[in-house]
Amino acid sequence: MSSAGGGDDRANDDDRARTPAASIRAPSAGWPTVAIVIPVRNDRGYLARCLRSIEAQSVPPDELIIVDNGENGDLGELAARFRFRIVAEPVVGIPAATATGFDAASAEVLARIDADSVLPPRWVHAARERFADPAVEAVTGWAWMPNAPRRVSRLGVAAYLGGYTLAAGIGLGHRPLWGSSMLVRRHVWSVARTRFCRGDQRVHDDLDLSVHLPPGTRVIRDRHLSVGVSSRPFRDAAKLRRYVAMAVHTFVKHWPRELPPFRYLRIIRARATRRRRGADAA
């Protein structure tokens, strides 16, 4: 469950892009290209800090896409400074904005973060290194709170993300993606996007994408892809309750087909098929 503010690909790039894509330099040999997508709605105040952390990367992303989901004012000045591409998504909601950003990206690995995410300097390097393994299809990061004491940060993140991972994992049959730091291969998105609930503002986009991953997909948690996040969800009990209600809605919306027993059976079958194919190829 993420904390940011976008969709389909019905508009062409000329209609949606107001600045050139940020493509800084070619990736290292054998490493995949990486696009960072950031849905933004009424979050301009946090965005500049996030962009500074991306600007400071030891290895830059191949694409940086901001999905303007409204109430952000003119992003042109920031786009010129940080060399990102703006894609507009008029349908309000993170699912619509995320889908539009992923559809607009051309890189092999699609990374989604929030406007309040702060990336450590080697985050993109770690992403490329992780996905250099062709068997890796989906990865999720962890978090810390930059403005909180270390112990408070650890306890808060463990309770929030740990609880989410445990509860969602039971319903999914595998580890969930987490929207403030989630990465998937393009071919995974190409399968999931046809069922992704991009028009429903009440679903969590990360949890919904987790539901629609191809059966048998393994989600890896990589602490090298952790991000700093704001403490906003911890300060607002009403917002936390809303997040939980959205998570329940995201699951229930897909029942009965996605009830855990049915999901577990499909996952077991898909993984058995992959193992057989791997054995035959060997």
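Now for a look at the structure at hand. Please read these numbers as outputs of a predicted model, since none were measured by experiment. (Residues numbered from 1 in each chain as written. Predicted model: local features only at pLDDT ≥ 70, side-chain atom pairs only at ≥ 80, totals over all residues. Heavy atoms only, no water.)

### A closer look at the overall build of the protein chain
Here comes step 1: Within the protein chain, the regular secondary structure consists of 11 helices and nine strands.
Here comes step 2: Across the 282 residues that make up the protein chain, the buried fraction comes to 54%.
Here comes step 3: Approximately 12700 Å² of the protein chain is accessible, and the part contributed by carbon and sulfur atoms is 55%. (Helix = DSSP H or I, 4+ residues; strand = E, 2+ residues; numbered from the N terminus. Buried < 20%, exposed > 50% of the residue type's maximum accessible area, 1.4 Å probe, protein only. Areas by Shrake-Rupley, 256 points an atom, 1.4 Å probe, with all protein chains shown as cover.)

### So, the packing of aromatic side chains
Here comes step 1: Tallied over the full model, the rule gives two aromatic pairs.
Here comes step 2: A centroid spacing of 5.2 Å and a plane angle of 80 degrees characterise the contact between Phe-102 and Trp-189, whose relative ring orientation is edge-to-face. With a gap of 87 residues between them, Phe-102 in helix 4 (residues 94-104) and Trp-189 in helix 7 (residues 186-192) connect regions that are remote in the sequence.
Here comes step 3: Ring geometry for Trp-189 against Phe-196: centres 5.3 Å apart, planes inclined by 75 degrees, an arrangement best described as edge-to-face.
Here comes step 4: On the accessibility criterion, Trp-189 (2% relative accessible area) is buried.
Here comes step 5: What makes Phe-196 buried here is its relative accessible area of 6%.
Here comes step 6: Site record: aromatic cluster; members linked through ring pairs are Phe-102, Trp-189 and Phe-196.
Here comes step 7: The ring of Trp-142 has Arg-221 lying over it, and the distance from NZ or CZ to the ring centre is 4.4 Å. (Phe/Tyr/Trp six-rings, centres within 6.5 Å; stacked < 30°, edge-to-face > 60°. Lys NZ or Arg CZ within 6 Å of the ring centre and 35° of its normal.)

### Quick notes on the pairing of strand 3 (residues 85-88)
Here comes step 1: Pairing between strand 2 (residues 63-68) and strand 3: four bridges, direction parallel. For Ile-65, the partnering residue across the bridge sits in strand 3 and is Arg-85.
Here comes step 2: Regarding the hand of the β-α-β motif, the stretch spanning strand 2, helix 3 (residues 76-82) and strand 3 is right-handed. (Pairing = 2+ DSSP bridges. Right-handed = clockwise from strand over helix to strand, strands pointing away.)

### Brief notes about the packing of helix 6 (residues 150-172) against helix 11 (residues 260-281)
Here comes step 1: In contact at an axis separation of 7 Å, helix 6 and helix 11 are set at 75 degrees when each is read in the N-to-C sense. Relative to helix 11, helix 6 is oriented roughly perpendicular. Counting all contacts with helix 6, which are made through Gly-169, Ile-170, Gly-171 and Leu-172, the residues of helix 11 involved are Pro-260, Arg-263, Tyr-264 and Ile-267.
Here comes step 2: A breakdown of the residues in the contact of helix 6 with helix 11 according to their chemical character gives five nonpolar, two polar and one charged. (Axes fitted to C-alpha atoms, helices over the stretch in contact; angles between N-to-C directions. Parallel < 35°, antiparallel > 145°, perpendicular 65-115°, else oblique. Contact = heavy atoms within 4.5 Å. Nonpolar A, V, L, I, M, F, W, Y, C, P; charged D, E, K, R; others polar.)

### Describing the nonpolar core
Here comes step 1: Ranked by internal contacts, the top residues of the largest apolar core, which has 48 residues, are Ile-36, Ile-38, Leu-47, Ile-54, Phe-84, Trp-123 and Leu-183.
Here comes step 2: In terms of residues, this core owes the most to one element, helix 6, which gives six residues.
Here comes step 3: Excluding anything up to four places from it in sequence, Trp-123 contacts Ile-36, Gln-57, Ala-111, Ile-113, Ser-181, Leu-183, His-224, Leu-225, Ser-226 and Val-227.
Here comes step 4: Ranked by size, the runner-up nonpolar core spans 23 residues in total, among them Ala-97, Leu-110, Ala-138 and Val-184. (Core = buried A, V, L, I, M, F, W, Y, C linked by side-chain atoms within 4.5 Å.)

### What to know about the side chain of Ser-117
Here comes step 1: Inspection of the secondary structure assignment puts Ser-117 in the loop between strand 4 (109-113) and helix 5 (123-131).
Here comes step 2: Within the structure, Ser-117 has its side chain in polar contact with the backbone oxygen of Ser-180 (distance 3.2 Å).
Here comes step 3: When near neighbours in sequence (up to four residues on either side) are disregarded, Ser-117 contacts Cys-50, Ser-53, Ser-180, Val-227 and Gly-228. (Polar contact = N/O pair within 3.5 Å; in protein donor to acceptor, adjacent residues only side chain to side chain.)

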